[in-house]
Amino acid sequence: MAPSGPRSIKRGCQRVLYWIPVLFIALIVAWSYYAYVLQLCIESIEDTGEKVVYLLAYHAIFIMFVWAYWQTIFTKPMNPLKEFQLSHSDKELLEREDRGESQQEILRRIAKDLPIYTRTNSGAIRFCDRCHLLKPDRCHHCSVCDKCILKMDHHCPWVNNCVGFSNYKFFMLFLAYSLLYCLFITATDLQYFIKFWTAGGRAHFRLREYLKGLPDTQAKFHILFLFFSASMFSVSLASLFIYHCWLVCKNRSTLEAVRAPVFRHGTDKNGFSLGFTKNFLQVFGDEAKYWPVPVFSSLGDGCSFPTCLVNLDPEQPSSPSGSSSASQSAAEGRQFPSKPLRESQSRLLTSTPSWPESEGAGDKDKKGKATDTNFCKSASNPVMTIENEA
């Protein structure tokens, strides 16, 4: 019990330090608001119509940006459901077993009725010995949060939070609106920045004579620095936003882009990809009115995801040795896993019907070919199916 005091103090200090990047961003945003609204629009711009248009557009973008940032920071990451946690008897049974094979037998028995399709690199059941639970697909343990996070993408220090299933849409909107915020400031501040720069080059101590539109040196400093900071942030945010847009299109997380998920048939970096449209809907939802708004609308529960067994991709010309022929033969005649799909998972699949078993027996012969063709076209793959873990 003695070390608990110093350990708690250390954890408290770490929590304070983790908020420093967020505080830094908050100060930058607060200063940019002061510099743009007060120093540029109110003090420097003389045309009333231009001033009103700039202020209205700025505040619309600013509100959405702050709203998305707030949601990304304060939305708690979702943890696995209780059904993935080991019972007390299973914990004791697992602790009594010393051999890895015996422990894996116990874990396989527990995972038999769970929608778990991914494995470790060695083919073992993914188990977290800190949280004492079976890891759902795409779930990872965050060393900073010390929790297992559903569909974990990464731990972002700039939001002091894990980016995962519960707030990935908010994170994408935060990147989008912050990029739009910086681009808007850069575009509207450009002409005043040029005036200041050219006037400053002619005479450092006679700015009033050359620049009548900008009344004082304080406003000139803010306008200059505002343009530089907004343009630099635009470059970094654009690269990050484009990268995450690519991840959404491929239905991958940052962790999965670094290390592809492992299925029973082998490693498949496109194992969760359902085509651009369905990949997008998984993150942003199937109601377009909620796409630009920082409210939760993602499909699913974060614990189970549709998977594909065979997924040919131009970026991945060759599959793991020995797994290509086996996976293709296993794909024939195999449509759904024996484990039941979750309601949230079925919602995604039934939004654009393309699964033969979701249709009636009488419609199967009529619609089977058309739906299979549409599904393969949307996924840009010739053969698509669901992995069978039975």
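Definitions and limits used
Residues numbered from 1 in each chain as written. Predicted model: local features only at pLDDT ≥ 70, side-chain atom pairs only at ≥ 80, totals over all residues. Heavy atoms only, no water. Axes fitted to C-alpha atoms, helices over the stretch in contact; angles between N-to-C directions. Helix = DSSP H or I, 4+ residues; strand = E, 2+ residues; numbered from the N terminus. Parallel < 35°, antiparallel > 145°, perpendicular 65-115°, else oblique. Contact = heavy atoms within 4.5 Å. Nonpolar A, V, L, I, M, F, W, Y, C, P; charged D, E, K, R; others polar. Patch = residues over 30% accessible without salt bridge, like charges linked within 9 Å, V, L, I, M, F, W, Y side chains within 5 Å. Areas by Shrake-Rupley, 256 points an atom, 1.4 Å probe, with all protein chains shown as cover. Salt bridge = Lys/Arg side-chain N within 4 Å of Asp/Glu carboxyl O. Polar contact = N/O pair within 3.5 Å; in protein donor to acceptor, adjacent residues only side chain to side chain. Buried < 20%, exposed > 50% of the residue type's maximum accessible area, 1.4 Å probe, protein only. Core = buried A, V, L, I, M, F, W, Y, C linked by side-chain atoms within 4.5 Å.

### Structural notes on the packing of helix H2 (residues 20-42) against helix H3 (residues 48-74)
Thought 1: At a closest axis distance of 11 Å, the pairing of H2 and H3 adopts a crossing angle of 170°. Between H2 and H3, the crossing angle belongs to the class labelled roughly antiparallel. Counted together, Val22, Ile25, Val29, Ser32, Tyr33, Tyr36, Val37, Cys41 and Ile42 of H2 and Lys51, Tyr54, Leu55, Tyr58, His59, Phe62, Phe65, Tyr69 and Ile73 of H3 form the full contact between these two elements.
Thought 2: Tallied by class, the residues present in the contact of H2 with H3 amount to 15 nonpolar, two polar and one charged.

### Focus: a nonpolar patch on the surface
Thought 1: Together, Leu17, Tyr18 and Ile20 give the surface a local cluster of nonpolar side chains, amounting to about 290 Å² of exposed area.
Thought 2: Positionally, Leu17 belongs in helix H1 (residues 4-18).

### Overview of the environment of Ser229
Thought 1: The residue Ser229 is located in helix H8 (residues 217-250) in this model.
Thought 2: Taking C-alpha positions, Ser229 is 9.3 Å from Ile28, a pair spaced 201 residues apart along the chain.
Thought 3: A distance of 3.0 Å separates a polar atom in the side chain of Ser229 from the backbone oxygen of Phe225.
Thought 4: One polar contact links the side chain of Ser229 to the main-chain carbonyl oxygen of Leu226, over a distance of 3.1 Å.

### Looking at the side chain of Arg138
Thought 1: Mapped onto the fold, Arg138 is located in the loop between strand S2 (133-134) and strand S3 (140-142).
Thought 2: Given a relative accessible area of 3%, Arg138 falls into the buried group.
Thought 3: Polar side-chain contacts of Arg138 include one of 2.9 Å to the backbone oxygen of Asn251.
Thought 4: One polar contact links Arg138 to Glu256, side chain to side chain, over a distance of 2.8 Å.

### What about the pattern of salt bridges?
Thought 1: Counted under the stated rule, the structure contains five salt bridges.
Thought 2: Between Glu105 and Arg108 there is a salt bridge, with its nearest N and O atoms 2.8 Å apart. Highlighted residues: Glu105 and Arg108, both in helix H5 (residues 100-111), separated by three residues, approximately one helical turn.
Thought 3: When its relative accessible area of 49% is taken as the criterion, Glu105 is described as partly exposed.
Thought 4: Overall, the relative accessible area of 40% leaves Arg108 in the partly exposed class.

### As for the nonpolar core
Thought 1: One finds Tyr36, Tyr58, Tyr168 and Phe174 to be the most contacted residues of the largest nonpolar core, which totals 43 residues.
Thought 2: Of all the secondary-structure elements, those providing two or more residues to this core are H2, H3, helix H6 (168-202), H8 and helix H10 (276-284).
Thought 3: The element that contributes the greatest number of residues to this core is H6, accounting for 13 residues.
Thought 4: Once you skip the residues sitting within four places of it in the chain, Phe174 turns out to touch Phe65, Ala68, Tyr69, Thr72 and Val159.
Thought 5: With 18 residues, the next largest nonpolar core counts Leu86, Leu114, Ile116 and Cys128 among its residues.

Everything listed here is a matter of geometry and, on its own, says nothing about what the molecule does.
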